[in-house]
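# Chain and residue survey
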Amino acid sequence: MTTRRLVLTRSAAVIGAASTGLLLPQIVRAQSDKVRVGFMLPYTGTFAQLGVAIENGFRMAVNEQGGKLGGREIEFFKVDDESNPAKGIENATRLVQRDKVDVLIGTVHSGVQMGIHKVARDTGVLNLIPNAGVHVATRAQCAPNVFRTSFTNSQPTLALGKAMVDRGHKKAVWITWNYAAGDEAYEGFEQSYTAAGGTIVKKLGLPFPNVEFQALLTEIASLKPDAVACFFAGGGAAKFLRDYAAAGLNRNIQLYGSGFLTEGVLDAAGDAANGVLTTMHYSDSLDTPRNKQFRLDYAKTFRLQPDVYAVQGYDTGLLLVKGANAVKGDLSNKAALYGAMEGATIDSPRGKWTMSKAHNPIQDMYLRKVENKENKVIGVAAKAVADPATGCRMG
Ligand code: PHB
């Protein structure tokens, strides 16, 4: 009884104080404060265009809501992570400690992601991953405050092996950058290709982000495989496509890849990309009203053609909008915010997808072929691909 009376008395005092204007500044500020959104993305280096596309996509989703999240205005903060893993922790810490972001959106590179992941787990800040596919973030180190809207590194290549063998390409060379994304893309490729009856003749690699492909292409020519499969992305992917064609390999050794190989690079690669076959959770030519409207709006707003990175950024925005609306902008209501995002079905330009228990998309993988500067969809290579989420226990 005493306690209750005390509480009542106190709240009466607060109301009294507020009506005299004494507490008003704090109260007003708490309600009108902007949501602080931090982008930690590459804006320089081989993945620079990927960072820009992700930011554009995210802004587009938010602009469709009048530029607000759960009714609140947004203040943006930006850090160029340079795809440099050595600065990952420092850059993420700057956004969280100095800029006090409510949500950190990043990043592209799997190595840098591990820096963000440490900071997210240590501080509890909400982290939305708009690209980087590093397995552990939604496997053994999955976390309640970390959500991925893109893929795990092995998801696209898990759909690749069968498509290759179905086309009679049973002996392949694999080539990639030697870092988490390339290594984990290989895992998916090895599993799917050998299960379908293919043989991997040789695994080739070079350090990220090197683009000195010549010696490796000479080696491929002498190995004479039926096909080459790879993981490359961004500026490095455009260079690989051009060098592969310049070496004459595209005439008799079919090139395959996870679809990043041909995303955002079709102008830069020109004819060198024609005929390349890839698997990916998106295709430019998906013939749905949702995709067509998205492509039109994006092109109008940014004077650029959207790619898978733009879609992933857009979906990151859609996910955060769902969460923020569910808590009416109060992102500190974490249980309700995370609950809404966990249960979300995202109506994406890639097709509808749902969030797995480990916080990674369950999604279809398309087989695509490059024709006249477009990733044309040939069919669905695998339906509802879910990452195994090995070792994930949310706690
Ligand atoms: C990654 O490092 O996880 C990564 C980078 C670029 C991509 C895909 C994955 O296109």
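Structure first, text after, so check above.
Read on for an overview of the structure. (Residues numbered from 1 in each chain as written. Predicted model: local features only at pLDDT ≥ 70, side-chain atom pairs only at ≥ 80, totals over all residues. Heavy atoms only, no water.)

### Overview of the state of the cysteines
One pass over the structure, following the stated rule, counts one disulfide. Linked covalently through their sulfurs, C142 and C392 form a disulfide whose S-S length is 2.2 Å. Across the S-S bond linking C142 and C392, the dihedral sits near 90 degrees, which makes this disulfide right-handed. Taken together, the residues span a long stretch of sequence, with C142 in the loop between β4 (126-129) and β5 (146-148) and C392 in the segment after β14 (374-385) at a distance of 250 residues. Of the residues examined, C142 reaches a relative accessible area of 6% and is grouped as buried. (Disulfide = S-S within 2.5 Å. Helix = DSSP H or I, 4+ residues; strand = E, 2+ residues; numbered from the N terminus. Buried < 20%, exposed > 50% of the residue type's maximum accessible area, 1.4 Å probe, protein only.)

### Focus: the site of the ligand
Among the 15 residues in the neighbourhood of the ligand, the closest are listed as V108, S110, G133, Y179 and Y309. Contact distances for the ligand include 3.4 Å between an oxygen atom and a backbone N or O atom of V108. Take Y179: an N or O atom from its side chain is 2.6 Å from an oxygen atom of the ligand. When the ligand is considered free in solution it has 280 Å² of accessible area, and contact with the protein chains removes 100% of it. (Near = heavy atom within 4 Å. Polar contact = N/O pair within 3.5 Å; in protein donor to acceptor, adjacent residues only side chain to side chain. Areas by Shrake-Rupley, 256 points an atom, 1.4 Å probe, with all protein chains shown as cover.)

### Regarding the side chain of N131
In this structure, N131 sits in the loop between β4 and β5. Of the residues examined, N131 reaches a relative accessible area of 5% and is grouped as buried. Here the side chain of N131 touches V108 through a polar contact of 3.0 Å, landing on its backbone oxygen. Beyond its immediate chain neighbours, meaning those up to four positions away, N131 contacts I54, T107, V108, R148, S150, F151, F260, Y309 and Q312. (Contact = heavy atoms within 4.5 Å.)

### Notes on the sheet that holds strand β3 (residues 103-105)
Adjacent strands of a sheet pair through backbone hydrogen bonds, lying either parallel or antiparallel. The strand order across the open sheet formed by five strands is β2-β1-β3-β4-β5, and the pairing between neighbours is parallel. With partners counted over all chains shown, the strands left at the sheet margins are β2 (74-80) and β5, one partner each. Sheet twist, expressed as the mean angle between neighbouring strand axes with direction ignored, is 20 degrees. Here strand β1 (residues 35-41) runs beside β3; their pairing, made up of three bridges, is parallel. Considered in β3, the bridge of F39 is made with I105. The strands touched by helix α3 (residues 48-63) within the sheet are β1, β2 and β3, with β1 carrying the most contacts at an inclination of about 155 degrees. (Pairing = 2+ DSSP bridges. Axes fitted to C-alpha atoms, helices over the stretch in contact; angles between N-to-C directions.)

### Examining the pairing of strand β9 (residues 254-258)
Of all five residues making up β9, four are buried, and the element is well covered by its neighbours. Where strand β8 (residues 227-231) and β9 come together, four bridges link them in parallel fashion. Across the sheet, residue A227 finds its bridge partner in β9, namely Q254. Considered for its hand, the β-α-β crossover made up of β8, helix α10 (residues 234-246) and β9 is right-handed. Here β9 pairs with strand β10 (residues 277-280) via three bridges, running parallel. Bridge pairing links S258 to T279 in β10. (Right-handed = clockwise from strand over helix to strand, strands pointing away.)

### Re the packing of aromatic side chains
If you walk through the whole model with that rule in mind, you get 24 aromatic pairs. Note on Y179 and F208: the rings are 5.0 Å apart at their centroids and 50 degrees apart in plane angle, and the pair reads as tilted. In this pair, Y179 is assigned in the loop between β6 (171-177) and α8 (180-195) and F208 in the loop between β7 (199-206) and α9 (214-223), connecting sequence segments 29 residues apart. The exposure class of Y179 is buried, given its relative accessible area of 11%. Here the aromatic rings of F240 and Y244 are separated by 5.8 Å at their centres, their planes lie at 40 degrees, and the arrangement is tilted. Residue F240 and its partner Y244 are both found in helix α10; the two are separated by four residues, about one turn of the helix. (Phe/Tyr/Trp six-rings, centres within 6.5 Å; stacked < 30°, edge-to-face > 60°.)

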